[in-house]
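Spelled out, the chains give:
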Amino acid sequence: MEEKLLPLLKQADALPFLFVGSGMSKRYLNIPTWFDLVKHIAMKVYQDEFKFESVRRTAAKRFDPNKEYNHYMTTLVDMVSDDLENVWISEERFAENRDKYQDEYLRKGTSPFKIEIADLISKKQDIVESMSEEFEALKSLSEKSISGIITTNYDELMERVFGFEVYESQQELIFHVKYNIGEIYKIHGSVTNPKTIMIDSSDYKEIEEKNKYIAAKLMTIFVEHPIVFMGYSMQDEDIRHILEDIQASLTEKQLKNIAKRMFFVDWNKGVTKAEIGTLVINFSNGRSITVTRIILNDFTELYRVLEKNKAKYPTKILRYMKEDIYKLVLTNDPRDKMLLSLPSEKMTKNEIQNVEFVYGFGVIDLAKRGYSMPTPVEIYRDILLDDAKFNPDTILSRTIPELNRVYGKMPGYKYFKDSNESTRQSILKKHILAEEFDKFKTKSICRRKNSYRSVKEIVANEDSLYRQLQALETLNEDEIVVSDLENYLVKVFEKCPGIFSNADKRYKSTETSSMRRMVRELDFLKYKN
């Protein structure tokens, strides 16, 4: 596979995007298919297989499942959803989720069906045991080999693997600035915000109405990046509709160019060795494209080939750089923000192409003086253990402001209390440190259900480090006992000393970012006042 696939990937000027379908969620999390999800909810409603079969047949009479699968499924969802609402709001068997998701239902107007779907999928956290080794190979792609993810899945599998910036709905994709690198586009919604889940007939009507807008947003990605389709059948209506709209806007030459960079992964249990071939995709306007088809059983070899096609810098850092450049151009205020080291004008074109360029934002003084600052890992460690003996004025006036520009708000109140008055006044004036506890909570964290009310309660009820940290992020300021949080974080660090580093592959990127966030909260709560 490598000798055929790797040269095709390297011909492109950019890293690939993965277009991820439900087959991947079923493969690694054992999440049911669309039909099985609906059946699971229906059995909770009817508690009778004959009743469900009667409802299914009624939907099938309206739309042939073999010809109009999406219409058939959304009709089935509508019927089950209506019956669910009648019992969900009153019957005791749904009391737990009524209490757990009352804000979703009462304030956001989310349907009980979407709430039940989100709840079911959210509980699927464990990787299928037989897939654990293959899943580790997938995780190896996250740093420098993948530009981003497009997915119709609702679950958080891709977030766990890649830790990219998430656009969790079509609305966010259409109306927010995107940088086409280090991002996950969840075009059918997310379990973290059940209302965004697109699954019933009104949702799919909206999908049809917005498909051209979505296709326009994805156009640049398809033109500039290789696209690897995984977890889909080529009969999938959602994929075919998106490809239809994209190809309609391209010239024949452009269409042939993107076809060279499209790879369709086809899982076949009977295959012992990966096979590389072609697949013809026909469109309604008479056009067609021939894409690369990869037939395999074990995905490990594919992941290893993708992993060899690396960028020089980690994807997430490239996204931050691109965002900074965008904002620099947008504000038209380059003064004291950028430093460029230019090659000699006498160099040849070939020599210039081999030059290593360095640029930085807000680091001009740092670059000029060659100051060696503590790393983020060293700062986070010192907040917990208080043993680094850093100079507080230097840390606050030099280190923290520079690190903030690359890594976002760093902790620093520990040093604030021991710094001199002029340093403190400068920090307050420039708003170097987070000034409100709510600033630590991202939009996705705010949308999570806060199921616990203390650190101790979380530790007592959640077994895995991932789930403990995810739950801790949802605690409000008045729910955190500082000593409990500090003791917990110190114990985690002593057991997992590499957890602050993105380079340590023993820990998920989400675990690293959550651990860092909780140390920032600890720094705020313990030292700010």
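I will try to describe carefully the structure that is included in this document. Sequence order as written defines the numbering, with residues in each chain counted from 1. Under the rules for a predicted model, residues below a pLDDT of 70 receive no local features and side-chain atom pairs below 80 are neither given nor counted, while totals for whole chains, interfaces and linings still include all residues. For side-chain calculations, the full set of non-hydrogen atoms in the structure is used, while hydrogens and water are omitted.

**Here's the deal with the sheet that holds strand E5 (residues 227-230)**
At step 1: Note on pairing: two strands pair once DSSP finds at least 2 bridges between them. Here a helix means four or more residues in a row that DSSP labels H or I, a strand means two or more in a row labelled E, and each is numbered from the N terminus. Read across the sheet, eight strands follow the order E3-E4-E2-E1-E5-E6-E8-E7 without closing on themselves; strand pairing throughout is mixed. The open sheet terminates on both sides in strands that have one partner only, identified here as strand E3 (165-167) and strand E7 (275-282). Ignoring which end each strand starts from, the neighbouring axes of this sheet average 25 degrees apart.
At step 2: Alignment of strand E6 (residues 262-267) against strand E8 (residues 288-296), held across five bridges, turns out to be parallel. Across the sheet, Val265 pairs through a bridge with Ile294, a residue of E8.
At step 3: When checking whether two residues touch, look at their non-hydrogen atoms; a contact exists if any pair is within 4.5 Å. Here the axes come from fitting lines to C-alpha atoms, over the contacting stretch only for helices, and the angles between their N-to-C directions go from 0 to 180 degrees. Packed onto the sheet, helix H14 (residues 252-259) meets E6 and E8 and runs at close to 5 degrees relative to E8.

**Concerning the pairing of E8**
At step 1: Alignment of E7 against E8, held across eight bridges, turns out to be antiparallel. Looking across to E8, one finds that Val280 is bridged to Thr290.
At step 2: Where E7 hands over to E8, the hairpin turn is made up of five residues, of which Gly286 adopts a positive phi near 90 degrees.

**Let's talk about the environment of Phe164**
At step 1: Looking at where Phe164 falls in the secondary structure, it is placed in the loop between helix H10 (157-162) and E3.
At step 2: Each C-alpha atom, one on Phe164 and one on Glu183, is 5.0 Å from the other, the two residues being 19 residues apart in sequence.

**Considering a negative patch on the surface**
At step 1: On the surface, Glu435, Glu436, Asp438, Glu477 and Asp478 cluster together into a negatively charged patch.
At step 2: Within the secondary structure, Asp438 sits in the loop between helix H22 (421-430) and helix H23 (443-447).
At step 3: Looking at Asp438, the relative accessible area reads 59%, which means it is exposed. For patch building, the residue pool is restricted to those with more than 30% relative accessible area and no salt bridge; the joining distance is 9 Å between like charges and 5 Å between nonpolar side chains (Val, Leu, Ile, Met, Phe, Trp, Tyr). Only the protein chains shown count as cover for residues, and all accessible areas are computed by the Shrake-Rupley method using a 1.4 Å probe. The salt bridge criterion pairs a side-chain nitrogen of Lys or Arg with a carboxyl oxygen of Asp or Glu, the two atoms within 4 Å. By the counting rule applied here, Lys and Arg register as positive and Asp and Glu as negative, while His and the ends of each chain are not counted. Taken as the charge centre is NZ of Lys, CZ of Arg, CG of Asp or CD of Glu, depending on the residue. Relative accessibility decides the category of a residue: with a 1.4 Å probe and only protein chains considered, values under 20% of the type maximum give buried, values over 50% give exposed, and everything between is partly exposed.

**Structural notes on the packing of helix H19 (residues 376-385) against helix H27 (residues 509-527)**
At step 1: Remark: H19 packs on H27, axes separated minimally by 10 Å, with the N-to-C direction vectors making an angle of 45 degrees. Taken together, the axis directions place H19 and H27 in an arrangement best described as oblique. Crossing of H19 over H27 shows left-handed handedness. Counting all contacts with H19, which are made through Pro376, Val377, Tyr380, Ile383 and Leu384, the residues of H27 involved are Met515, Arg516, Val519, Arg520, Leu522, Asp523 and Tyr527.
At step 2: Ten residues, namely Ala, Val, Leu, Ile, Met, Phe, Trp, Tyr, Cys and Pro, are considered nonpolar, four, namely Asp, Glu, Lys and Arg, are considered charged, and the remaining ones, Gly among them, are considered polar. In terms of residue class, the contact of H19 with H27 is built from nine nonpolar, no polar and three charged. In what follows, roughly perpendicular refers to angles from 65 to 115 degrees, roughly parallel to angles under 35, roughly antiparallel to angles over 145, and oblique to any angle outside these ranges. Note on convention: near helix rotated counterclockwise from far helix by under a right angle means a left-handed crossing. Clockwise means right-handed.

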